[in-house]
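Residues per chain, in single letters:
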Amino acid sequence: MITVHHLDNSRSQRVLWLLEELGVVYEVKRYERDPATRLAPPSLRAVHPLGKSPVVTDGDLTLAESGAIIEYLAGRYGDGRLIPAAGTPERLRYTYWLHYAEGSASPPLLLKLVFDRIESAPMPFFVRPIAKTISGRAKDGFIGPQIKLHLDFMEAELGKSAWFAGDDFTAADIQMSYPLEAARVRGGMDASRPRLMAFLEKIHARSAYQRAIERGGPYEPLS
Ligand SMILES: N[C@@H](CCC(=O)N[C@@H](CS)C(=O)NCC(=O)O)C(=O)O
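As a starting point, this report considers the structure included with it. (Residues numbered from 1 in each chain as written. Predicted model: local features only at pLDDT ≥ 70, side-chain atom pairs only at ≥ 80, totals over all residues. Heavy atoms only, no water.)

**Structural notes on the packing of aromatic side chains**
The description of an aromatic ring pair uses the distance of the two centres, along with the angle that the planes make with each other.
Thinking step 1. Within this structure, the stated rule accounts for twelve aromatic pairs.
Thinking step 2. Aromatic pair Trp97 and Tyr100: ring centres 5.0 Å apart, planes at 80 degrees, arrangement edge-to-face. With Trp97 and Tyr100 both in helix H3 (residues 89-120) and three residues apart, the pair spans about one turn of that helix. Grouping residues by exposure puts Trp97 and Tyr100 together as buried.
Thinking step 3. When the centroid spacing of 4.8 Å and the interplanar angle of 55 degrees are considered together, the rings of Trp97 and Phe164 count as tilted. Remark: Phe164 occurs in the loop between helix H4 (128-157) and helix H5 (171-186) and Trp97 occurs in helix H3; sequence separation between them is 67 residues.
Thinking step 4. Given a relative accessible area of 1%, Phe164 falls into the buried group.
Thinking step 5. Among the aromatic residues, those joined into a ring-pair cluster are Trp17, Tyr96, Trp97, Tyr100, Phe153, Trp163, Phe164, Phe169, Phe199 and Tyr209.
Thinking step 6. One residue, Lys202, lies across the ring of Trp163, its end atom 3.9 Å from the ring centre.
Thinking step 7. Directly above the ring of Tyr26 sits Arg215, whose terminal nitrogen or CZ lies 4.3 Å from the centroid. (Phe/Tyr/Trp six-rings, centres within 6.5 Å; stacked < 30°, edge-to-face > 60°. Helix = DSSP H or I, 4+ residues; strand = E, 2+ residues; numbered from the N terminus. Buried < 20%, exposed > 50% of the residue type's maximum accessible area, 1.4 Å probe, protein only. Lys NZ or Arg CZ within 6 Å of the ring centre and 35° of its normal.)

What follows is the structure, encoded as structure tokens:
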């Protein structure tokens, strides 16, 4: 039996969604973030030393890292579904987006979250202006422009085909959903990026996406 170790409002929502798309039977073990730190509870470290979500167990296998999990589950249980055929240009694009989501798109969004939290963290009143100046410089000088660069790139890429890897929906679209959801919530992604917004609308309309939300609980990407 596949068990998804699922943290609320997190990347593991994608794993539930993939399994719903594939129609595979699985169980969900839920973990709640610490309300103050937003970190995962220590119990997740008993499953994997990093204590991050998602983690999947399947028989003797314990696997972390969402891209690896998606690649494993789609390969093992997909029966050819949601992965472009080997040797095609679509397959290479599929691999690219599967890595890009966590390797390139997510880091500036995580930095934005960290610096936003620094600004609102409790601190002595005389330190706040200094913290705000440093944080503002990081956000205006690097983080904001990086987020814009990536949003422009993804918006242009979705002008080439209906989905990220080509004209068919694939597991790479599931992997790409998280940085896009996060960019909409806290990265300034809005109607000025019509293709990206349309992508989110299309995925939200999928019945498997909705079933995954029912299994995983309320979903607003955090970190
Ligand atoms: N690159 C990893 C990131 C894993 C990760 O940072 N997960 C977050 C949830 S979105 C987490 O567990 N945060 C809580 C914590 O770090 O304690 C992946 O894609 O699986």
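Once you've had a look at it, read on.
**Details of the side chain of Glu20**
Thinking step 1. Residue placement: Glu20 occurs in helix H1 (residues 13-22).
Thinking step 2. Discounting residues that sit within four places of it in the chain, Glu20 has contacts with Tyr26, Ala208, Arg211, Ala212 and Arg215. (Contact = heavy atoms within 4.5 Å.)

**Examining the pairing of strand E2 (residues 26-31)**
Moving residue by residue along a regular strand, the side chains alternate between the two faces of the sheet.
Thinking step 1. The pairing of strand E1 (residues 2-7) with E2 spans six bridges and is parallel. Opposite His6, over in E2, you have Arg30 as the bridge partner. (Pairing = 2+ DSSP bridges.)

**As for the packing of H3 against H5**
Thinking step 1. For the pair H3 and H5, interaxial distance at closest approach is 9 Å and the crossing angle is 20 degrees. It follows that H3 is roughly parallel to H5 by the angle criterion. The two elements H3 and H5 meet at a crossing, and its hand is left-handed. Between H3, through Tyr94, Trp97, Leu98, Tyr100, Ala101, Glu102, Ala105, Ser106, Leu109, Leu110, Lys112 and Leu113, and H5, the contact on the second element is made entirely by Ala171, Ala172, Gln175, Met176, Pro179, Ala182, Ala183 and Arg186. (Axes fitted to C-alpha atoms, helices over the stretch in contact; angles between N-to-C directions. Parallel < 35°, antiparallel > 145°, perpendicular 65-115°, else oblique. Left-handed = near helix turned anticlockwise from the far one by under 90°.)

**Notes on the environment of Glu102**
Thinking step 1. As for its position among the elements, Glu102 is in helix H3.
Thinking step 2. Considering only alpha carbons, one finds Glu102 and Ser135, 33 residues apart in sequence, at a separation of 23 Å.
Thinking step 3. Those residues in contact with Glu102 that sit more than four places away from it in its chain are Arg11, Arg14, Glu65, Ser66, Pro107 and Gln175.
Thinking step 4. A distance of 2.9 Å separates polar atoms of two side chains, one belonging to Glu102 and the other to Arg11. (Polar contact = N/O pair within 3.5 Å; in protein donor to acceptor, adjacent residues only side chain to side chain.)

**Quick notes on the sheet that holds strand E3 (residues 55-58)**
Thinking step 1. A sheet is described by the order of its strands in space; here four strands give the open sequence E2-E1-E3-E4, paired in mixed fashion. Two strands lie at the open edges of the sheet, namely E2 and strand E4 (61-64), each paired on one side alone. Neighbouring strand axes in the sheet, compared pairwise and without regard to direction, differ in orientation by 20 degrees on average.
Thinking step 2. Pairing of E1 with E3, which is carried by four bridges, proceeds in the antiparallel orientation.

**Re the nonpolar core**
One recurring pattern in soluble globular proteins: nonpolar side chains tend to sit buried together.
Thinking step 1. Grouped together as the largest cluster of nonpolar side chains are 51 residues, with contacts concentrated most on Met154 and Phe164.
Thinking step 2. Elements supplying a minimum of two residues to this core: E1, H1, helix H2 (66-77), H3, H4, H5, helix H6 (194-204) and helix H7 (207-216).
Thinking step 3. Not counting residues within four places of it along the chain, the set of residues in contact with Met154 comprises Trp97, Tyr100, Phe164, Met176, Leu180 and Leu196. (Core = buried A, V, L, I, M, F, W, Y, C linked by side-chain atoms within 4.5 Å.)

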